[in-house]
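Close look at the chain arrangement
Here are the chains, one letter per residue:
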Amino acid sequence: MSTASSASVTANGNGIVNGTGASNGSSPSPPPGVAAAVQVLSTLTDAVQEVGGVPAPSVETIQAKLVSKDPQIIKHMKKHMAEGKPFYSFEYFPPKTREGVSNLYARLDRMDMLEPLFMDLTWGAGGSNSDLALEIAGTAQGMCAAQVMLHLTCTNMTQSDIKATLERAKKAGIRNILALRGDPPKGMENWVATEDGFTTAAELVTYIRKEYGDYFGIGVSGYPEGHIQAESLEQDIAYLKAKVDCGADFIITQLFYDCELFLTWLKRIREVGIKCPVIPGIMPIQNYNGFVRMTSFCKTHVPQEIQQSLEAIKDDDDAVKQYGIDLGIAMCRRLLAAGVPGLHFYTLNLERSVAQILEGLGLITPKMNGRLPWKQSLVTNRSKKEDVRPIFWANRPRSYLERTFHWDEFPNGRWGDSSSPAYGDLSDYHLCTFRAGSLDERRKLWGSNPTVPLDLFRVFSDYVTGKIPRLPWCDNSLQAETVPLSDFLSRLNLAGYLTINSQPAVNGVASSDPAVGWGGPGGYVYQKAYIEFFTSPHNLEKIMKQLKNDPEYGHGRITITALSVKGEQQTNVKLGDKRVNAVTWGVFPNREIVQPTVVDQDSFVVWKDEAFALWLSQWLPLYEEGSPSHDLIHQVHDTYYLVNMVDNDYVRGERLMNNFFERLLA
Ligand SMILES: Cc1cc2nc3c(=O)[nH]c(=O)nc-3n(C[C@H](O)[C@H](O)[C@H](O)COP(=O)(O)OP(=O)(O)OC[C@H]3O[C@@H](n4cnc5c(N)ncnc54)[C@H](O)[C@@H]3O)c2cc1C
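Criteria and cut-off values
Residues numbered from 1 in each chain as written. Predicted model: local features only at pLDDT ≥ 70, side-chain atom pairs only at ≥ 80, totals over all residues. Helix = DSSP H or I, 4+ residues; strand = E, 2+ residues; numbered from the N terminus. Buried ≥ 20, exposed ≤ 12 C-beta atoms within 10 Å, placed from the backbone. Contact = placed C-beta atoms within 7 Å. Axes fitted to C-alpha atoms, helices over the stretch in contact; angles between N-to-C directions. Parallel < 35°, antiparallel > 145°, perpendicular 65-115°, else oblique. Left-handed = near helix turned anticlockwise from the far one by under 90°. Nonpolar A, V, L, I, M, F, W, Y, C, P; charged D, E, K, R; others polar. Pairing = 2+ DSSP bridges. Core = buried A, V, L, I, M, F, W, Y, C linked by C-beta atoms within 7 Å. Domains from an automatic or database assignment. pLDDT = per-residue confidence, 0-100. Expected span 1.5 Å × (residues − 1). Arc of directions from axis to C-beta.

**As for the overall build of the protein chain**
The helix and strand inventory of the protein chain stands at 23 helices and 18 strands. Per-residue burial over the protein chain gives 50% buried out of 666 residues. Of the contacts formed within the protein chain by residues at least 6 apart in sequence, a portion of 76% connects residues at least 24 apart.

Here it is in structure tokens:
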């Protein structure tokens, strides 16, 4: 199954749920089964919201440039199987609102750190959310380390629709498809093929293989309790065999809660000659009512022991969730012990239970450390060679990746010539943050009527204290390492130093540290305190004066560069000095020192354009032209400086930085 709320919940195959279809009025209403499933899933997930908001940025052109290293999931599965290493994958559904999509991107980012073998995106009933599914799948394919699989159904699709969708998937860099028949079109009891469409998943598999050969890896669905419309389990298994024989690489199953039943079915399908990998679908129980409705809707067999255990705790949501985690661990243990090669999690777009089950199984460490402090891309060349990035895009990594997609060369781990970085032109795409939200949503976050600078200062302060989740320059909420600085940053913001990026000093902390660690086990990490902010010419003058007059900050201890939108520069970095300053590095056993993040003065000039443009593209449109709010944003954009400061004394750490600003604010 896939879950649906847009995931594809499938009731033993029946009832898929459409993700976004019912919400925006443009899609026909779902059939009763689908509607029920939507409702069921709504109770399970906190991520189902109304559609609305800004149009999605087009990423197809970007993704077209992607060629991932081992594009087909089946190859990764086989590698894991040969090594006897269990794998796991995560299924998501396209949320109903732009805000939901933003949240999902943040979640994908985080869950990607758990190193799933692949992630998959469901297809709304009848293709109702096809654009969004393609957008999210394409974006995730480019930005996540995991491979991405797109579900595709035959419902409401002519052959040419299927062809067009596969072409779009291809353009978006997607190389894996879960080929499904789908549930009945909305409002219909029985499944009826569209004229000039396909009748079964087997036909879809055949078509994809005929038209695209091995270009796409193909998965299909399996039903341990039999598909709801199947005449018999034997017949269903025979159809499953036919589906695989048409060219499917692997099978993902519908959810179940009875492992013995699954294992009996697995034995039977092996007996009829199905040899491909079979990955059991696991849906962690998130709450009691949702579970009961889901399992009765899907006609899933629930062992008595589970029913009784849940009955006893059904009014205690936390206990049910914990039970779901414990049960998930026990089920997965049983399945892995019986030899399944991997686990497929119906996440319902939630992360906690899945992460805790994996942790309980010992498949992930409490915090998986990425190889580098920023997430590597799958793009060929980069993935192997890139190991240095400027710090400026830390909070807008997608924009950085898109700007630099055409960089084929990463000699010494970085772009060829750092003194003339060939960043892509500033385009609408760079300015369109994935987390922008509608005008109304943004007004709620950033103010409906700011009239004086202090109104804006408060918004920045609210961000660093966690009261609002994002700013135009920061796609996600404050990073864990910065949270301890939030009081200090809040005071700075209220004084008109509008921070958009910062990191604390770190002096030889274990690379396994949950807040600042990276790079794998056994190492030590270091970083210089860094802060970046917009501020007025008056404030900048005060900073420059203090830097000059106080010997404490001399000898390059604190370096600063400030640029106005017009490119007017103030800096204490001497022209002859190296223009690249390492601000994060790590020392690991048997490796050279790794230095993944730098402050690069030339890149700062490029970033400055993007950073200033975000005032105009993200914030200014919230207010009517000629209004005081509109004028205020313009004035800040036109007159403020963007400033970066590095505290080079990482041993004394941010005390120096704090101390500097304490004096300034006094
Ligand atoms: C892992 C998983 C993910 C899913 N993801 C989605 C999703 O993203 N979006 C969505 O809308 N739905 C999804 N579904 C639900 C799925 O679309 C429905 O269960 C649908 O009713 C069956 O699709 P299928 O591909 O399994 O169908 P098929 O394998 O084509 O089978 C459909 C029915 O036809 C029967 N059958 C098959 N071949 C023949 C034949 N030759 N002659 C006669 N009968 C035949 C089967 O026994 C079965 O009853 C998912 C299901 C699973 C298990």
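**Comments concerning the environment of Val-354**
Tracing the chain through its elements places Val-354 in helix H13 (residues 352–360). A residue is classified by how many C-beta atoms lie within 10 Å of it, and Val-354, with 25 of them, is buried. Measuring from C-alpha to C-alpha, the distance between Val-354 and Met-111 comes to 9.4 Å, with 243 residues separating the pair along the chain. Aside from chain neighbours lying at most four places away, what touches Val-354 is Phe-90, Pro-284, Phe-345 and Thr-347.

**Here's the deal with the packing of helix H21 (residues 601–619) against helix H22 (residues 628–639)**
Where H21 contacts H22, the axes come no closer than 9 Å and their chain directions differ by 165°. In terms of orientation, H21 lies roughly antiparallel with respect to H22. Pair H21 / H22 crosses with left-handed handedness. Contacts between H21 and H22 involve Phe-612, Trp-615, Leu-616 and Trp-619 from the first element and Ile-633, Val-636 and His-637 from the second. A breakdown of the residues in the contact of H21 with H22 according to their chemical character gives six nonpolar, one polar and no charged.

**Let's talk about the environment of Phe-612**
Note that Phe-612 resides in helix H21. For Phe-612, the contacting residues outside a window of four places in its chain are Val-565, His-637 and Leu-642.

**As for the sheet that holds strand S11 (residues 506–510)**
Ordered by their spatial adjacency, five strands build an open sheet running S9-S17-S16-S12-S11, and the pairing between neighbours is mixed. At either margin of the open sheet sits one strand with a lone partner, and together these are strand S9 (389–390) and S11. Where strand S16 (residues 580–587) lies against strand S17 (residues 594–600), five bridges are found, and the strand directions are antiparallel. For Asn-581, the partnering residue across the bridge sits in S17 and is Val-599.

**Concerning the sheet that holds strand S8 (residues 342–346)**
Ordered in space as S1-S2-S3-S4-S5-S6-S7-S8, the eight strands form a closed barrel in which the pairing is parallel. Neighbour-to-neighbour, the strand axes of this sheet turn through a mean angle of 30°, independent of strand direction. Relative to S8, strand S7 (residues 278–282) is paired through two bridges, and the arrangement is parallel. Looking at the pairing, Gly-281 lines up with His-344 of S8. Along the sheet, helix H7 (residues 201–212) makes contact with strand S4 (176–180) and strand S5 (217–222), crossing S4 at roughly 145°. Across the sheet, helix H12 (residues 317–337) touches S7 and S8, and the angle it forms with S7 is around 170°.

**Points about the nonpolar core**
Most often, soluble globular proteins keep nonpolar side chains buried together rather than apart. Met-119, Ala-137, Val-148, Leu-150, Ile-177, Ala-179 and Val-205 are the most contacted members of the largest nonpolar core, which totals 155 residues. Two domains each put at least three residues into this core: domain 1 (32–51 + 76–360) and domain 2 (389–665).

**Thoughts on the confidence of the model for the protein chain**
Looking at the protein chain as a whole, the pLDDT averages 82, with 81% of positions reaching at least 70. Low pLDDT, under 50, characterises residues 416–421; the predicted model gives this stretch 11 contacts beyond four residues in sequence or across chains.

**Focus: the packing of helix H11 (residues 304–313) against H12**
In helix packing, the relevant descriptors are the interaxial angle and the interaxial distance, both defined with respect to the helix axes. At a minimum axis separation of 9 Å, H11 and H12 run at an interaxial angle of 155°. Relative to H12, the element H11 is oriented roughly antiparallel. The two elements H11 and H12 cross, and the hand of that crossing is right-handed. Here Ile-306, Ser-309, Leu-310 and Ile-313 of H11 come into contact with H12, specifically with Ala-319, Val-320, Tyr-323 and Leu-327.

**Considering H22**
For H22, with 12 residues, the first-to-last C-alpha span of 16 Å sits near the 16 Å given by 1.5 Å per residue. Within the span of H22, buried status applies to Ser-629, Leu-632, Ile-633 and Val-636. Buried residues of H22, seen end-on, are gathered within an arc of 95° and therefore sit on one face of the element. Exposed side of H22, more than 90 degrees from the buried face: Gln-635 and Asp-638 are the residues found there. On its buried face, H22 is in contact with helix H18 (453–464) and H21.

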